Amino acid sequence: MYAAIRQGKLKPNTLEEVMKCVKSEALPILRSIKGFQTYHWVLGEDNSVTIITMFDNPEAANTSQELLLPWIRQHLVPFLETMPTAMTGRVVLQEIASA
C-alpha cells in the first residue's frame, strides 16, 4: 500500500467552497487512477489541511501527485494561505481496529 500526502493551509471561511471544488473536480481525477483506494481530508483547528490518499502501488501514488498538484495550483490558490507540500511513500505500518 502506498500513500500520497499533501499539506497546506486554507484561508479563513473558504472550506465550503473548496470542498465543492474538490468533490466535483479533484475526486473524479483520483477515482480515475487505477489503484486508488481511499481519500482522507483532515482539517486542523487553525485551517491547516492534511490530505492522505491511499493507493495499491507507487505508480498510482506518483500519478496522483502529477495530476493533482497542477490542479491545486490552477484551482485552489485563491483559497490557500500557503502552497501545499507533497510526498509519496510506502505505508510500512497499518493497524485496523477489529469489530
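Structure's up top.
Residues numbered from 1 in each chain as written. Predicted model: local features only at pLDDT ≥ 70, side-chain atom pairs only at ≥ 80, totals over all residues. Heavy atoms only, no water.

Draft legend 1. Quick look at unusual backbone geometry. The backbone of Asn-13 sits at a positive phi, close to 60 degrees, despite the residue not being glycine. Here Asn-13 is to be found in the loop between strand E1 (2–10) and helix H1 (15–31). Taking the relative accessible area as the measure of exposure, Asn-13 reaches 83% and is therefore exposed. The phi dihedral of Asn-47 is positive, around 70 degrees, even though this residue is not glycine. Among the structural elements, Asn-47 can be located in the loop between strand E2 (36–43) and strand E3 (48–55). (Helix = DSSP H or I, 4+ residues; strand = E, 2+ residues; numbered from the N terminus. Buried < 20%, exposed > 50% of the residue type's maximum accessible area, 1.4 Å probe, protein only.)

Draft legend 2. Broad picture of the pattern of salt bridges. The tally for this structure, following the rule as stated, stands at one salt bridge. The residue Lys-20 makes a salt bridge to Glu-16 at a minimum N-O spacing of 3.9 Å. Separated by four residues within a single helix, Lys-20 and Glu-16 lie in helix H1, roughly one turn from each other. Each member of the pair, Lys-20 as well as Glu-16, carries the same accessibility label: exposed. (Salt bridge = Lys/Arg side-chain N within 4 Å of Asp/Glu carboxyl O.)

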